[in-house]
Structures are given as structure tokens and as C-alpha cells.
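Residue-level listing of the chains:
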Amino acid sequence: MSRLAGKAVLVTGAATGIGRATAEYLHAEGARVFGIGLDGDEGRAVYAGKGPGPVFRETDLTDSDAVKSAVTDLMERFNRLDAVINCAGIYATGKRLEQLTDAEWERTIAINLTAIFKVCRETLPLLRAAGGGSVVNIASVHADATVPGVPAYAASKAGVVGLSRQMALDYAVDHIRVNAVLVGSVATRMTLDGLEAAGGAEALGLSFDSNRIARIADPREIATAIGFLMSDEASFVTGSAMQVDGGMLARLL
Ligand SMILES: NC(=O)c1ccc[n+]([C@@H]2O[C@H](COP(=O)([O-])OP(=O)(O)OC[C@H]3O[C@@H](n4cnc5c(N)ncnc54)[C@H](O)[C@@H]3O)[C@@H](O)[C@H]2O)c1
């Protein structure tokens, strides 16, 4: 029997990068996956032909009604929900605080932090109705230590850790575990675009020396950690911020 057989899981940001790798990993482990996010063409192509179960629905997570309607669709198909993986996010670099417009600040917070609030507001009652469940929120090493020029991103990811902790406390009574993941550098569109915009790894503050795992991660290396936190194998893990960063945060200088 597959490890996650029977689990119904919602994954956000599921068309690309870490969300996509996670959706594929959970599907391979037997879970029924409902992916939502932008990049609909990529999402539908990824999910096509994977047999019964995995579904992708294009959803803008800044739109409360769209989130609500996606969750209704999920319940009509799966009739239960066991876990929620919040992966969607954007990265914005190259500006100090005083250079940010209201719209730039609000967009990053809306997608990286408020979207988790909107998704969880719809789904926590469903996890409770299932007798309990698990939420995994994708934060970043930027929650704990940062690089110059990413004020909204760093604030949003620190917010994700704070919100995850709060949810862990408030929903333990409902047997719902909530954890965050502090992700390091991963080979996804976000990193590749960020490197290009900043003009290379050094300008972005990235160094890959032998004091840590000296490479960028494959998204599947994040997916397996998410899968562990989501699964019953992590039955005593809640309120944690798990580093999956190749040792990045271990280094002071
Ligand atoms: N790549 C890295 O090095 C890295 C490092 C730390 C944390 N993270 C985090 O991992 C998560 C996934 O990022 P990724 O690296 O896979 O990049 P990615 O760009 O491939 O994935 C981001 C996903 O978010 C979705 N998204 C963006 N705006 C949305 C919106 N309004 N509504 C719905 N979906 C929306 C996109 O469609 C995309 O699928 C993000 O939260 C990111 O902050 C990534």
C-alpha cells in the first residue's frame, strides 16, 4: 500500500517549481491531489495523463471568492480533505523599503502571506471535519536571515512562520498539525528569474562554498521534506519551522 494512500491534499502554486514537485511526489505516494494556482496551461499539462485523482484548477489566491470556489470544487470531487500545502509565492528583489510602492508591497504580502490566511480559512473546518489533518506552509530562509533589498519578501516569509506557529497552537485541539518550511535556494523559475534580475549569484548574496551543501536544491528535495511533515510519520511535529536549506542558516559569516 502506498504511504499516503487515501489522503486528499490541496497544493497551492501547484503548476510549477516546488508546488509541482510536491504534487507529483504526493501523487506518486498515493495521495489524491488537487492543485491550484496561476500558470494554468503548465498546470493542466503537468496533471494531464496522471490517471484518476490529480486535478489542476486555475485560481488566483488573492481572490477570496476564487479560493472558496476552488475548495468547493475539491470537496465535490474528493468529499474530504486531509492536508493543505501552501506553496504559492512570488519574489521581489532590488529595492530598499523607501523605493517600494504600495502596490508592490501589498502584492507580495497578498500572495505570500494573506493567501495562506484565505486558503486556511476555507480549509481548516474541512480538516477538522475529517478528524484532523496537516498544514504545511512554505516559508524561506529569509524568515530568519536575509539579504539586502527584499523587504516585502522577508517580511512576508517571517509572517508565514508566525502564522504557522499561531495556527499550530489554535488548532491542536482539532488534531490539526501546522508546520512551516524554511527553504533555501532551489532550482525553480523563481530562483532563475531572481538570479537574472540581480545579475548573478554573488549579487543576490548567494555563495556555494564547502561549508555547506554547495549547490542549489532540486525541487524534489523540498517535496520529500514537505511530504514527511504532511504525513502521519510526523504525528508529533507541530509548530515547527523546519530548515531545508543545505546548511545555509547554520553559517554566521
Ligand atoms: N526557489 C527558491 O529558491 C525558494 C526559496 C525559498 C522559498 N521558496 C518558496 O517556495 C514557494 C514556491 O516557489 P518556487 O520556487 O517553486 O517558484 P515558482 O515561481 O515556480 O512557483 C510559484 C508558484 O506560485 C504561483 N502563484 C504566484 N502568484 C499566485 C497567485 N496570485 N495565485 C495563485 N498562485 C500564484 C505561481 O503560479 C507558481 O506556480 C514560494 O512560496 C517561494 O517563496 C522558494
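With an unreviewed UniProt entry as reference, the protein chain is termed SDR family oxidoreductase, source organism Devosia nanyangense.

J.: Lay out the site of the ligand in plain terms, naming residues and giving numbers.
T.: Within the structure, the ligand sits among 29 residues, and Thr16, Ile18, Asp39, Tyr153 and Thr188 are positioned closest to it. Contact distances for the ligand include 3.0 Å between a nitrogen atom and a side-chain N or O atom of aspartate 60. A distance of 2.6 Å is found between an oxygen atom of the ligand and a side-chain nitrogen or oxygen belonging to threonine 188. In the complex, 95% of the free accessible area of the ligand, which totals 820 Å², lies under the protein chains. Secondary-structure elements contributing two or more residues to the shell around the ligand are helix 1 (17–28), helix 5 (151–171) and helix 6 (189–198). The element best represented in the shell around the ligand is helix 6, accounting for three residues.

J.: Before we move on, can you summarise the pattern of salt bridges with the specific residues and values?
T.: Side chains bearing opposite charge may pair, as long as their charged atoms lie close to each other. In this structure the tally under the stated criterion is 15 salt bridges. Salt-bridge contacts for lysine 95 lead to glutamate 104; the nearest nitrogen and oxygen are separated by 2.6 Å. What you see here is one network of salt bridges that share partners, running through Arg3, Glu29 and Glu233.

J.: Outline the environment of alanine 168, supporting the account with residue identities and numerical values.
T.: Tracing the chain through its elements places alanine 168 in helix 5. A relative accessible area of 4% means that alanine 168 is categorised as buried.

J.: Tell me what's going on with the sheet that holds strand 7 (residues 241–244), and back it up with residues and numbers.
T.: Across the sheet, seven strands lie side by side as 3-2-1-4-5-6-7; this open sheet has parallel pairing. With one partner strand each, in any of the chains shown, strand 3 (55–58) and strand 7 form the two edges of the open sheet. Averaged over all pairs of adjacent strands, the angle between strand axes in this sheet comes to 20°, irrespective of strand direction. Summarising the sheet, strand 4 (residues 83–86) and strand 5 (residues 133–138) pair through four bridges and their orientation is parallel. Following the sheet pairing, isoleucine 85 is matched in strand 5 by valine 136. Where helix 4 (residues 102–129) meets the sheet, it contacts strand 1 (8–12), strand 4, strand 5 and strand 6 (176–183), and its direction lies at approximately 170° from that of strand 4.

J.: Residue-level account of the environment of alanine 155, with values.
T.: Tracing the backbone shows alanine 155 in helix 5. Exposure remark for alanine 155: the relative accessible area of 32% places this residue in the partly exposed category.

J.: An account of the pairing of strand 4 is needed here, citing residue identities and associated values.
T.: Of the two faces of strand 4, the one carrying Ala83 and Ile85 and the one carrying Val84 and Asn86 are both buried. Looking at chain direction, strand 1 and strand 4 are connected through three bridges and run parallel. Bridge assignment links valine 9 to a residue of strand 4, and that residue is alanine 83. Between strand 4 and its parallel partner strand 5, the chain crosses via helix 4, and the hand of that crossover is right-handed.

J.: How would you explain unusual backbone geometry if you had to name every residue and give the values?
T.: With the exception of glycine, the majority of residues adopt a negative phi angle, and the majority of peptide bonds are in the trans configuration. Even without glycine at this site, aspartate 39 takes up a positive phi of about 60°. Residue position: aspartate 39 is located in the loop between strand 2 (32–37) and helix 2 (40–47). Judged by relative accessible area, which is 30%, aspartate 39 ranks as partly exposed. We note that histidine 175 has phi near 65°; this positive angle belongs to a residue other than glycine. By the element assignment, histidine 175 lies in the loop between helix 5 and strand 6. Take histidine 175: its relative accessible area is 59%, and that puts it in the exposed class.

The rules behind these values
- Residues numbered from 1 in each chain as written.
- Predicted model: local features only at pLDDT ≥ 70, side-chain atom pairs only at ≥ 80, totals over all residues.
- Heavy atoms only, no water.
- Near = heavy atom within 4 Å.
- Polar contact = N/O pair within 3.5 Å; in protein donor to acceptor, adjacent residues only side chain to side chain.
- Areas by Shrake-Rupley, 256 points an atom, 1.4 Å probe, with all protein chains shown as cover.
- Helix = DSSP H or I, 4+ residues; strand = E, 2+ residues; numbered from the N terminus.
- Salt bridge = Lys/Arg side-chain N within 4 Å of Asp/Glu carboxyl O.
- Buried < 20%, exposed > 50% of the residue type's maximum accessible area, 1.4 Å probe, protein only.
- Pairing = 2+ DSSP bridges.
- Axes fitted to C-alpha atoms, helices over the stretch in contact; angles between N-to-C directions.
- Contact = heavy atoms within 4.5 Å.
- Right-handed = clockwise from strand over helix to strand, strands pointing away.

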